[in-house]
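# Structural features, examined
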Amino acid sequence: MSTGQSKRKILNAYHVIFLTQSTMIGVGVLSLPQQLSSLGYSQAFMPLLFGVIASITLYPMIWINSKYPNENLFRINEILLGKWIGKFVNLLFIIQFIFFIAGVINSYMHLIQSTALQEKTITGPVLCFLLLLVYIVTGGIKLIARFSMLIFFITFGMVYFTHWAFEKGDITHFLPLFNFYSANDFYDALKKGYLSILGYELIMFYFPYIVDQKKAYRHSLIGIWISILLCFITTAISVMYFSEWQLRNVEFSILNLFKAGEFSFLERIDIFGITLWVFLIFSTVATYLWCAKKGVDSLISKSSNVHLYILAAIIFFVVKLPSSRAFQETLFTSANYVAYMLIFWPIILILVHLLRKKKQVQL
Amino acid sequence: MSRKVLCLMLFLQLFLLVACSSHKEKNVPLEDVGMVGIIAFDYIDKDNMKLTVAIPQYSPDAQRSTQTFSVVTELVSNGVVEIEKLSDKKIVFNQLRVVLFNEEFTREGNIRKVIEHLYRRAEVGNNVLIAVVKEKGEDMLKYNYPDKPNINFYLNDLLQPSINTAFNPNTTIRDFMYTITNPVYDPVIPFIDKNSDKIEMKGVALFKGDQMLELIDPKEALVIQAIQGRKNLAPLSMRMEQGHGVEKLLIDLVQNDVQIKSNKSMTSPKLTLSFEIKGTLVEYKGERSHVFTTGKLADLEKDVSKELEQDIKKFLYKLNELQVDPSGLSEYFRMYYRGKWSREKKREILDKLEIDVHVKTSIISTGTLK
Amino acid sequence: MEEKEQQVIDNIKQQTQDIDDVVFKKMATDAGVVTIIYFSSLIEKMTLQTMVFIPLTNHINQIFQVSETIDLQDMDVILQKLNAGQSLLFFHKPALLQVIDTYSAPTRSITNTETESTVIGPQDAFTESLETNISLLKRRIQNPMLKNEILTVGTETNIKIAMLYMDNIVNKENLDLLRKRIDEIQYPFFSDISELKQLIEDNPLSPFPQYYMSVRPDSVSQYLVDGRIVLIMDNSQAAIVCPTSFFEMFVSVEDYYNRWTTASLLRMLRFFGFFLTIMITPMYISALTFQTEILPYELLLNLQESRSKVPFPPLIEVLFIELIIEILREAGSRMPAKVGQTIGIVGGIVIGTAAVEAGLLSNILIVLVATSALLSFLPPIFLLSNTSRFVRYIFILSAGVFGLYGLMLAFSWLFAHLLRLNSLGTPYMTPIVPRNARDLFDSIIRFPTKYLNAKKGISRAQKK
């Protein structure tokens, strides 16, 4: 399908909305209350703050992309910064994507292994996951967008599963508002929590495929706010349900919320929650892998599906690194900080672009 | 081309995994698994505890409907391994229902550690009930109850929420972890005891910090539940002396609404509790038995309210003296306090707390006779 | 007899040498001697009498008005006409070759269908004759805009197919694409239109059918008016409709005859039944092998008791009984009717009950598998229920390997696959994923008929 250099405009408004939305909800959301726990009970408003920051940082991205409506960020790097610096920066981004994907898969597989499949190693699940991932990504960005749309409607029902926790919780936990004691706590929560909702910056890579580029900002904003609202609801219910100690120590707080409920014919809803989450992981990781593949395509200036298989194999080996858990954690977290660079990168590009424009005018 | 290869690889891999898995993986099928229904911890000394598990037998040919095993151990997981040596099945906690501690354990030992361990295990659900046993949990599990064939179902049903045991806080593992880690609350756990051939719920064990403080009887425990907003309370039997001699009556409480307001001050805290209770007057013994016929219920209602107010206030002051707060009254001060809340602050508040109780009783019916 | 005429007749005799049902009849008429050549297997005697013999002897001018002239030397055309059941009239004196269409091979009369029967509504079904089928459609759509193109396929057999469409509604690009695909086929023989279908589909490797197939003229004519293209083949009972969507596979034409509440209920039953049938037995496997905590306690004790006698792990047990049911199904459809009933009882009662008593299978599982087998027959299109039989094995294997996680992986494969499929260019999963609000009125839930006016987006029909 669209694995070639075809720049047909194939993503309409709904595709953009749901692509943005599903890339943001990955595995980080599961432990969002725990990452924000340095703020204690007043963390409930943090997702809203993140949403505001995301909306603000989205604007430069759309701006720089609209100046080059037919190029993705890799090509823009090369155009603005020259071939070699551009390629180097692209390589950094590709490596960051690879580590990000490996980190997501790693933490999700450990979660599955500790709760749902206690007697197996993670090789088998990871292999099957990667095979299916490659199958989805070969369908192109349109398939990923459609997949995200379908998944959204199916997994949206999981919000219903939190109503038992809502009933058992204390709404008095929300007061007093903004009760955090030091700026350090706030900064800590911001740093850890923001990583969970990253994903909207990938619009810089699929921008050339969007049909209605003028309204792209509005559409991706809708996608961002849908995700933020979902995060907000789950964080709020976690605040109601847990004590501060539990917020700090319980990993995967969202799944613990599911544990509160049961049907008469089915108990332990959290197992369903965990396994349904694989759809959301697919939709997140597929977009990243597609961007990584586009990056490799533009590095080598040739596009082929072999790049995809090589990338998948690299990811498999990174996940299966025979190293200690602590080392893996630090590796993935530090790779994630490069993601922050990706968010502020458009601003640098804009400066370069304006400088060039001025130079051209002067000439 | 690529899609064909991918699909082929997927199916091939699936087949291989299925074929190889039956040899290498030791996936224990359902019938060889011993699902523990109840686990009991008895105190031996500072380091050791006695672990007893009860596993229901599904086979209709089995002599007894439950299998029990006991070991002495220091660590919970170590104990499980020891038990596996005694049983022919693999022990899993997937269907754990009830956890029992004996009274000595709760007073001398550290039950928080044990419950935290169970909370940490992913296979144990959050809705596992906890109870404190007077004597030994092992005796309770091993005893042969004549008309209750399976101890697993018996205990589980006993501890589940039901209308007649509304004073029962139905503490689950999650509730316990929540109340013990939340500086606003103090945990409460139901207290059961063996009474000849039956198990009886004697009351509620009150905790201060991590140890059990004392046992309170059902009537007082009902107050805790009422304050926490439980709607359906148990039938309330009262003995009043409000100027008409000794009167005894039983009100079937249908609905309970509670509103709590605090004066938001940390230096001279004052709480106002307003209860609105609706009930049916089931039986009355005393002077004013004509109340059934003349409809002078309003006076009776006022007296009942006054009696209830006195009782509740007495109980709450008793709690304040003991410096325990099972119903979370200090939450209403934490809401307006900026800064970190701690147990010390809670006890501070409880020391100085003044409580004002208003009860409004409405008797909505008195049965079918006029 | 002149040399030239004898030569022509000898030529034809040579070409039809081993075809023993060829008839050469010489008759004397007012216009001289006429040799009538035809294949007796394709022509009924009465037709020959009324169309050829009687006019030849009585009003020979009628023959010249009714028949067509063909070139004496063009042997290919002569043979083709003969094979199509036409009679050649060779007039000796002016050396003229006329041909009359007398094709009247016996055909089946219009009966009701056994595979797609409905309780209410018209009961007629297509037969194997192309003319009958076209007439069944044309009498329902009496509109000159109903176009009907005849094409031939099959390099060895030259079978006729008809492509019908409404010229004012259909999308011309779809037409061109379909025509191009049919022209490109190089296949010797088609015994049924479903073989043709597999060659002109967008994704022939997928287990899912991408065109709608039906033997009922009422449903097919409904699709015609909606702007779809219908293909009918001679000697084949079914008609295929393209393009179509996944959700239409669960639509039976009886839904339009029932009221909207019943129709919606039945459609939802079919749709969720499809997913249930592929999910029930895998859920059993994962709940018993991997994630035992999802079932309530009492149910688990029951299951433990019923499984205690079975020596196999749940996966093998399920595969075993699924295979038994497949065998029963296949044997039941191939068996002659007389023996069928006895063997059916043997299969059902003996294998089912006795196996449980012997301890080979657990009784709860038999209930589940029987239910899922029944559910798999719900979709009105037979091809889709066959697909669900296949897809179920994929789910069983993934559940057997990874439990609930494998089940969800299988689901994501299913969704990704369905989303990739196209049916003559339209995405397979409309109206859910390219969303089309008007079409949603008639997908899983059917709104009352007065709201169902608009043409569906699936056919990408022309705008008025």
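These numbers come from a predicted model, not from an experiment.

The interface is formed by 26 residues belonging to chain A together with 19 residues belonging to chain C. Listed by contribution, the elements that provide at least two residues to the side of chain A that touches chain C are helix H6 (123-137), helix H7 (140-155) and helix H14 (269-300) of chain A. Here the residues of the side of chain A that touches chain C sort into 21 nonpolar, two polar and three charged.

Our next topic: helix H5 (residues 130-138) of chain C. The set of residues buried in H5(C) consists of C:Leu130, C:Asn133, C:Leu136 and C:Leu137. Taken end-on, H5(C) shows its buried residues confined to a sector of 125°, consistent with a single buried face.

Next up on the list: the packing of helix H5 (residues 83-115) of chain A against helix H16 (residues 325-362) of chain A. Residues and elements named next belong to chain A. Running from amino to carboxyl end, H5 crosses H16 at an angle of 135°, the nearest separation of the two axes being 9 Å. Here H5 is positioned oblique relative to H16, judged by the angle of their axes. You can see that H5 and H16 cross each other, and the crossing is left-handed. For the pair formed by H5 and H16, the contact residues are Leu-92, Phe-93, Gln-96, Phe-99, Phe-100, Gly-103 and Asn-106 on the first element and Gln-328, Phe-332, Ala-335, Asn-336, Val-338, Ala-339 and Leu-342 on the second. Of the residues belonging to the contact of H5 with H16, the class tally is nine nonpolar, five polar and no charged.

Residues and elements named next belong to chain B. Bridge count between strand E9 (residues 198-208) and strand E10 (residues 211-216): five bridges; the pairing is antiparallel. Across the sheet, residue Leu-206 finds its bridge partner in E10, namely Glu-214. Linking E9 back to E10 in an antiparallel pair, the connection comprises two residues, with Gly-209 at a positive phi of about 70°.

All names here are of chain B. Looking at the secondary structure, you find Asp-193 in strand E8 (residues 188-195). Along the backbone, Asp-193 and Ile-216 are 23 residues apart, and their C-alpha atoms lie at a distance of 14 Å. Asp-193 has contacts with Lys-134, Glu-200 and Lys-202, leaving out every residue within four places of it along the chain.

Once that is clear, we can look at the domain arrangement of chain B. All names here are of chain B. What the domain assignment reports for chain B is domain 1 (29-216) and domain 2 (218-370). For domain 1 versus domain 2, the distance between C-alpha centres works out to 32 Å. At the interface, 17 residues of domain 1 touch 23 residues of domain 2. Elements with a minimum of two residues in the side of domain 1 that touches domain 2: E9 and E10. Among the elements that make up the side of domain 1 that touches domain 2, the one with the highest residue count is E9 (four residues). Per-class residue counts for the side of domain 1 that touches domain 2 are twelve nonpolar, three polar and two charged.

Further remarks concern the nonpolar core. With 204 residues, the main nonpolar core has A:Leu133 and A:Ile136 as its most contacted residues. If you tally residues by element for this core, the top one is H14(A), at 18 residues. When residues of this core are sorted by domain, at least three fall in each of domain 2 (130-242) and domain 3 (266-427) of chain C. Apart from residues lying up to four places away in sequence, A:Ile136 is in contact with A:Leu143, A:Ile144, A:Phe147, A:Phe282, A:Ala286 and C:Ala416.

Before going further, it helps to examine the confidence of the model for chain B. All names here are of chain B. Residues at a pLDDT of 70 or more form 86% of chain B, whose mean pLDDT is 78. No element of chain B has a lower mean pLDDT than helix H1 (residues 2-24), at 58, and none a higher one than strand E7 (residues 129-133), at 88. Among the prediction metrics, the complex's ipTM stands at 0.88, with pTM recorded as 0.87.

Residues and elements named next belong to chain B. Where burial is concerned, most of strand E2 (residues 38-43) is hidden: six out of the six residues are buried. A two-sided burial pattern is seen for E2, the buried positions comprising Ile-38, Ala-40 and Asp-42 on one face and Ile-39, Phe-41 and Tyr-43 on the other. Taken together, the six bridges between E2 and strand E3 (residues 49-56) define a ladder with antiparallel strand orientation. Its bridge partner lying in E3, Tyr-43 is registered against Met-49. Linking two consecutive strands that pair antiparallel, namely E2 and E3, is a turn of five residues. With four bridges connecting them, E2 and strand E6 (residues 98-102) associate as parallel partners. Counted as the bridge partner of Ile-39 is Val-99 from E6.

The next subject is the sheet that holds strand E5 (residues 96-101) of chain C. Residues and elements named next belong to chain C. Strand order in the open sheet formed by five strands is E1-E2-E4-E5-E3, with antiparallel pairing between adjacent strands. Whereas interior strands pair on both sides, the edge strands pair on one side only; in this sheet they are strand E1 (22-29) and strand E3 (68-69). In the packing of helix H2 (residues 45-57) onto the sheet, the strands contacted are E1, strand E2 (32-39), strand E4 (86-91) and E5, and the crossing angle to E1 comes to about 30°.

Let us look at the packing of helix H12 (residues 314-334) of chain C against helix H13 (residues 337-358) of chain C. Residues and elements named next belong to chain C. At a minimum axis separation of 10 Å, H12 and H13 run at an interaxial angle of 170°. In terms of orientation, H12 lies roughly antiparallel with respect to H13. On the side of H12, the interface is formed by Ile-324, Leu-328, Ala-331 and Gly-332, while H13 contributes Gly-340, Ile-343, Gly-344, Gly-347 and Ile-351. Here the contact of H12 with H13 is built from residues that sort into five nonpolar, four polar and no charged.

It is worth spelling out the environment of C:Leu48 at this point. Residues and elements named next belong to chain C. Mapped onto the elements, Leu-48 comes out in helix H2. Residue classification places Leu-48 among the buried positions, given that 20 C-beta atoms sit within 10 Å. Sequence spacing of Leu-48 and Ile-100 is 52 residues, and the spatial spacing of their C-alpha atoms is 9.8 Å. With sequence-adjacent residues up to four places away left out, Leu-48 is seen in contact with Ile-43, Phe-53, Ser-87 and Thr-102.

Thresholds, definitions, all that
- Starting from 1, residues in each chain are numbered consecutively following that chain's sequence as written.
- Chain letters and ligand numbers both follow the written order, the letters beginning at A and the numbers at 1.
- At least 70 in pLDDT is required for a residue's local features to be given in this predicted model, at least 80 for side-chain atom pairs to be given and counted, and no such filter applies to totals for whole chains, interfaces and linings, which use all residues.
- Contact between residues is assigned whenever the C-beta positions, reconstructed from backbone atoms, fall within 7 Å.
- Labels follow the DSSP assignment, with helices taken as runs of H or I lasting at least four residues and strands as runs of E lasting at least two, numbered in each case from the N terminus.
- Polar here means any residue outside two lists: the nonpolar Ala, Val, Leu, Ile, Met, Phe, Trp, Tyr, Cys and Pro, and the charged Asp, Glu, Lys and Arg; Gly therefore counts as polar.
- Here a residue counts as buried when 20 or more other C-beta atoms sit within 10 Å of its C-beta, as exposed when there are 12 or fewer, and as partly exposed otherwise, the C-beta atoms being derived from the backbone.
- Working definition: the arc comes from the directions between the helix axis and the C-beta atoms, pointing outward to the latter.
- The angle between two axes is taken between their N-to-C directions and runs from 0 to 180 degrees, where each axis is a line fitted to C-alpha atoms and a helix contributes only its stretch in contact.
- For this classification, under 35 degrees means roughly parallel, over 145 means roughly antiparallel, 65 to 115 means roughly perpendicular, and everything else is oblique.
- Note on convention: near helix rotated counterclockwise from far helix by under a right angle means a left-handed crossing. Clockwise means right-handed.
- Two strands make a pair as long as DSSP finds a minimum of two bridges between them.
- The split into domains, and so the bounds of each, comes from an automatic or database assignment of domains.
- Structurally, a nonpolar core is described as a collection of buried Ala, Val, Leu, Ile, Met, Phe, Trp, Tyr and Cys residues joined by way of C-beta atoms within 7 Å.
- Confidence of the predictor at the level of single residues is captured by pLDDT, which takes values from 0 to 100.

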